[in-house]
Amino acid sequence: MRKVIKIILVLFGALLLMNAAILFIATNFNLGILVEAGLGAVILCYGIFLDKLKGKKIIHAVFCTVLAVITGFCTFLYAYGNIDNVDYTEKTVIVLGCGLSGDKVSNTLAKRLDEAVYYQEKNPDAVIIVSGGQGPQEEVSEAFAMKNYLLEKGIDESRIIMEDKSTSTITNLAFSHEIMKEKNLPDDSVVVVSNSYHLYRAVSYAKAEGLKATHLGADIRLSGFVSSYLREILAVAKMWVFD
């Protein structure tokens, strides 16, 4: 059994490291990729040196506790983000931005926008606010790329409002709320659209802004699952402590 556990740990750690390396090459670098690589390295080394560790009981207890906390946290975020509570009568849809590929939306962001398209088909009177400024690795603002994507999907331009100054989730919601005030859109009829891992924090910030928000979650590629959830754990912890 110990040999089986060692093999599983080594393979899992190596898989995380390899996936992080692929993401580093193929996508915009972010903290989640670094954390995934670090976790992969720790699990790999733990598996390799499992029989040689001094103070085994303490090390095993710490290792298992950390993995249990990470797993529990991810399960909570996953469950929250995959239980949609929209009723398709909301007046405003806020789609939160994320990284671009040049001047085009990334796969992760496209999934958010596809959910907004699906929502708008059921509630064509809703206004869609696309929220996101321009990052250092991006050729245009996220809001601009998001608007173009929605137009290509057949959404009427009159139903789209750009918020192109924000640089974080908290400013996504704050600046979008300011636009809602300018357009006389009600605070109690909002749906926040993002990927499932991100929705708990996004809705928390929306509520802090005074918005009564429902949420609609989008999935993500399997390759980005671990890095996205690991990064979100750190972001939620920061929110709880500082925000």
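Residues numbered from 1 in each chain as written. Predicted model: local features only at pLDDT ≥ 70, side-chain atom pairs only at ≥ 80, totals over all residues. Heavy atoms only, no water.

Engineer: What am I meant to see in the packing of aromatic side chains here?
Structural biologist: Two numbers describe a pair of aromatic rings. These are the distance of the centres and the angle of the planes. This structure, assessed with the given rule, holds 13 aromatic pairs. Considering the side-chain rings of Phe24 and Phe29, the 5.6 Å spacing of their centres and the 80° angle between planes classify their relative orientation as edge-to-face. One aromatic cluster is present, formed by Phe73, Phe76, Tyr80, Tyr200 and Trp240 through successive ring pairs. (Phe/Tyr/Trp six-rings, centres within 6.5 Å; stacked < 30°, edge-to-face > 60°.)

Engineer: I would appreciate a short explanation of helix H7 (residues 199–208) in the present structure.
Structural biologist: Side chains of residues three or four places apart in an α-helix project in the same direction, reflecting 3.6 residues per turn. For H7, the tally of buried residues reaches seven of 10 residues, placing the bulk of the element in the interior. Taken together, the buried residues of H7 touch helix H3 (56–81), strand S1 (92–96), helix H6 (169–182), strand S6 (190–195), strand S7 (213–218) and helix H8 (225–242). Looking one or two places after H7, you find Gly210, whose phi comes out positive at around 90°. (Buried < 20%, exposed > 50% of the residue type's maximum accessible area, 1.4 Å probe, protein only. Helix = DSSP H or I, 4+ residues; strand = E, 2+ residues; numbered from the N terminus. Contact = heavy atoms within 4.5 Å.)

Engineer: Looking at this model, I keep getting lost on the state of the cysteines. Mind explaining?
Structural biologist: A disulfide bridge is the covalent bond that connects two cysteines by way of their sulfur atoms. Counted under the stated rule, the structure contains zero disulfides. Just so you know, Cys45 is unpaired, no disulfide at all, and the nearest cysteine sulfur is the one on Cys64, 16 Å from it. Judged by its relative accessible area of 40%, Cys45 is partly exposed. Sulfur of Cys74: no disulfide; nearest cysteine sulfur belongs to Cys64 and is 16 Å away. On the accessibility criterion, Cys74 (15% relative accessible area) is buried. (Disulfide = S-S within 2.5 Å.)

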